[in-house]
Amino acid sequence: MTDSLITETADRLMADHVTPAAVRALAAGGSPAALWAGLAESGFLDALASEEAGGAGLTEMDMLPVLLAAGRHGLPLPFGATIAARAAIAAAGETAPEGIIALAASGRRDGGNLIAQVPAGEHAEGVLVPDGDGAILLSVASATVETAGDGTACRMAWNGANGPRIAGFDALATGARIEAAEMAGAMEAMQVTTLRYANDRSQFGRAIGKFQAVQQQLSVMTELVHGARAAVHVAAAAPGSLDATAAAKVTVGEAAAQVVAIAHAVHGAIGMTEELDLHLLSERIRRGRLRYGSERHWAERLGQAVLASQEATLLDFVRNRVFS
Amino acid sequence: MSSFAPLPYATIPAEDESLRAEVKAFLAEALAGMPAEKRARSWVGADPAFSRALAKRGWLGLSLPKRYGGAERGFFARFVIAEELLAAGAPVAAHWITDRQSGPLILRYGAEAQRQFYLPKICAGEIFFCIGMSEPNSGSDLASVRTRAERQPDGSFRLNGRKIWTSNAAVCDYMIALVRTSGVPEDRHKGLSQVIIPLKQEAITIRPIRDLAGDAHFAEVTFDDVILPADALIGEEGAGWEQVNAELAFERSGPERILSSMVLVDTWLAYLKSLPKLSTDDVILVGRLAAHLASLRALSLSVTASLAAGESPVVHAALLKDLGTTYEQMIPQAVAAAIAADPEGDPPGELMRTLAYTMGMSPSFSLRGGTREILRGMIARGIGLR
Ligand SMILES: Cc1cc2nc3c(=O)[nH]c(=O)nc-3n(C[C@H](O)[C@H](O)[C@H](O)COP(=O)(O)OP(=O)(O)OC[C@H]3O[C@@H](n4cnc5c(N)ncnc54)[C@H](O)[C@@H]3O)c2cc1C
């Protein structure tokens, strides 16, 4: 499939299933079953798995349009996570469970317990939890689950956790890369929405988009949206580079703070209401910033990598370590 | 979808990337022993001999065809060389504008005789060009230029007026100027043309202007009844506005709008690496600088690919430039705050002089090549707000 064909297919898929009403119903504690069934039918679930393993053998770069589209619609389910998890599980020669698989951001051993922080885990059936230099696949049914209340992540604990090992799989980094891509998509949607509003809303007898101060804010927003898209492109092109993932999470997270602020500033009071869909996007972005390590976490890791490297210049570091 | 879609992701073709090692080796030798505060001046540092040394290696006129002495290698080859020159802080000012703008402009709009005359000399580093757009009363409002080139009965032009902020006018042989060939300033975009002006002549006065760091890289240029032959006109008479805008897409697209503070960054990194213990804040800042450099570089590569495809990505170039200069300007402020956070710290003099220079000059990053507000206005037009 070509890039634009994937984009079109993904956009149609999300528009059909991830409606504002569906997102609201999930937030109110509804079941994800119907929404998930629609997404699962799309055939994207095994897109990243190799052809030998029954997948489509696509790359992360090929799949970026799908994540962007999910973000544009504020999808709260771990669709990208499930796709990445299924590919990793298949590559390890294991069988993936049916249904939603979440990626844990952390896994901590405490005596006989394994405790994990799992973004969107409340919807999942399986979880890949970081453990040693890989991950283990665990079922949610055997865990105690505590939802955080703000929807960012839930805390899961397994007693005597045991499951298939997926060697070499970095759940935190994969989660960060997916989250950054979906946030970049959500920011694109915010820009489109805000632009439309600036053309529709009138004050002082003209559209507010005709005021230079508003125009300049929307221009900055556009710059940041483009910068975020570029960052997730770089990360998708080099999924093996932890530095590229770090760079994307930092750039997207910092841009997100400004993009959300501008979107709300331009919308005025109406943007603060429950009825407007804008907040579904702000909400998706808020969670994204808090999941899989904040800008600060990734900037520190990236900074340590720069300072420990032998590269002569920062540009050399970025070229050699982030771009490949 | 976005109403103003991002450009596709682009990478540097392998044959252009392969230039890098040779450029690095050349620069390591050419710049050996040059202190950081001098290298920080990179694109205001004019050294014709250095530029000619680049020309000898075939590194000028990279995007120009072989029949005019160019390397016919396109925009990505130039991108690789530009990146290395700027990251190293090489004195690029003599040829910079010529190579980036004037050469491609002559190729695109020039008459065949003009191409044959100027382009080989440009590629050989024998002649250098400057840009005559701004005037004392025409900065952001470029369409209001008053410098006039009036047609004489014999087809020649009589030129009168004044240009200002002309980078490297004193070092250059020619200026490509935006002038009014008909009508009055109120006619705006109509009646503007571009002319090539040989600068070494009596009727032209070049007065270098000192900047706040004590350097004199830009200048005021006065034309007093300068007579230009008919073939001084480049492109079409009256098409100056369109041509100037195409030229500005070249000017705003390259890695130069990202890398102006890199010598400071690398000097600071070397200092950090020498410390026994690092503060977490500093490590975080280093990570942020690396992260943003990556996304800006990706944007710049996309714009380069668009130029290479023969497009004129004016709005994307404006967007990249504003985002890039924001980054360039953030650096000296953040590094200054980091260094001064420790009153007992003992940073080397070279680092402090480089910081002082970069801090002092950083406001110019968002002025040269079009101010921040003007660029944002162009983006606003691009997304359909005006
Ligand atoms: C280091 C350096 C090198 C340069 N080299 C060259 C060169 O080689 N050749 C050349 O031709 N020029 C050169 N310039 C000039 C540069 O292009 C101008 O400085 C720039 O276009 C701004 O014009 P101005 O300085 O007259 O500022 P003004 O146009 O007077 O602007 C002052 C302020 O008003 C704002 N403003 C103006 N109009 C608007 C508007 N419509 N909406 C919102 N805000 C507005 C501006 O953004 C700015 O903040 C150089 C400048 C510098 C600093």
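This is a predicted model, so every value here is computed, not measured.

Participant: Would you take a moment to explain the UniProt feature "domain: Acyl-CoA dehydrogenase/oxidase C-terminal" (unreviewed entry) in chain A for this structure?
Facilitator: Listed under "domain: Acyl-CoA dehydrogenase/oxidase C-terminal" (unreviewed entry) in the UniProt record, and renumbered for this structure, are residues 180-295 of chain A. With 75% helix and 3% strand, residues 180-295 of chain A has end C-alpha atoms that lie 11 Å from one another.

Participant: Please clarify how the UniProt feature "domain: Acyl-CoA oxidase/dehydrogenase middle" (unreviewed entry) in chain B should be interpreted in this entry.
Facilitator: Sequence positions flagged by UniProt for "domain: Acyl-CoA oxidase/dehydrogenase middle" (unreviewed entry) are, in local numbering, residues 130-226 of chain B. Taken as a whole, residues 130-226 of chain B contains 0% helix and 48% strand, while its terminal C-alpha atoms sit 17 Å from one another.

Participant: Could you clarify how one ought to interpret the domain arrangement of chain B in this entry?
Facilitator: Interfaces are often sized by the accessible area lost when the parts come together. All names here are of chain B. Considered domain by domain, chain B is made up of domain 1 (14-127), domain 2 (131-238) and domain 3 (242-382). For domain 1 and domain 3, the distance between their C-alpha centroids amounts to 21 Å. Contacts between the two partners involve 26 residues from domain 1 and, on the opposite side, 28 residues from domain 3. Regarding the contact of domain 1 and domain 3, the summed buried area is about 2600 Å², with carbon and sulfur atoms giving 65% of it. Its largest share of buried area at the contact with domain 3, domain 1 owes to W43, F75 and F79, together 24% of the area lost on that side. Our count for the contact surface shared by domain 1 and domain 3 stands at four salt bridges. Note that E256 and R100 form a salt bridge whose closest N and O atoms lie 2.7 Å from each other. Taken together, domain 1 and domain 3 are joined by ten residue pairs in polar contact (both at pLDDT 80 or more).

Participant: Can you walk me through the pattern of salt bridges in this structure?
Facilitator: Applying the stated criterion to the full structure yields 44 salt bridges over all chains. A salt bridge links A:R319 to A:D316, with the nearest nitrogen and oxygen atoms 3.0 Å apart. Highlighted residues: A:R319 and A:D316, both in helix 11 (residues 314-322), separated by three residues, approximately one helical turn. According to the relative accessible area criterion, A:D316 is buried, its value standing at 6%. Two residues, B:E84 and B:K24, come together in a salt bridge whose shortest N-O distance is 3.0 Å. Of this pair, B:E84 sits in helix 5 (residues 75-88) while B:K24 sits in helix 2 (residues 20-30), and the two are 60 residues apart along the sequence. Assessed through its relative accessible area of 28%, B:K24 is described here as partly exposed. Taken together, the shared-partner salt bridges in this structure form one network comprising A:D316, A:R319, B:E17, B:R20, B:K24, B:E83, B:E84 and B:R297.

Parameters and conventions
- Residues numbered from 1 in each chain as written.
- Chains lettered and ligands numbered in written order.
- Predicted model: local features only at pLDDT ≥ 70, side-chain atom pairs only at ≥ 80, totals over all residues.
- Heavy atoms only, no water.
- UniProt positions renumbered as here; feature names shortened; annotations may be inferred.
- Helix = DSSP H or I, 4+ residues; strand = E, 2+ residues; numbered from the N terminus.
- Domains from an automatic or database assignment.
- Contact = heavy atoms within 4.5 Å.
- Buried area = accessible area lost by both parts, 1.4 Å probe.
- Salt bridge = Lys/Arg side-chain N within 4 Å of Asp/Glu carboxyl O.
- Polar contact = N/O pair within 3.5 Å; in protein donor to acceptor, adjacent residues only side chain to side chain.
- Buried < 20%, exposed > 50% of the residue type's maximum accessible area, 1.4 Å probe, protein only.

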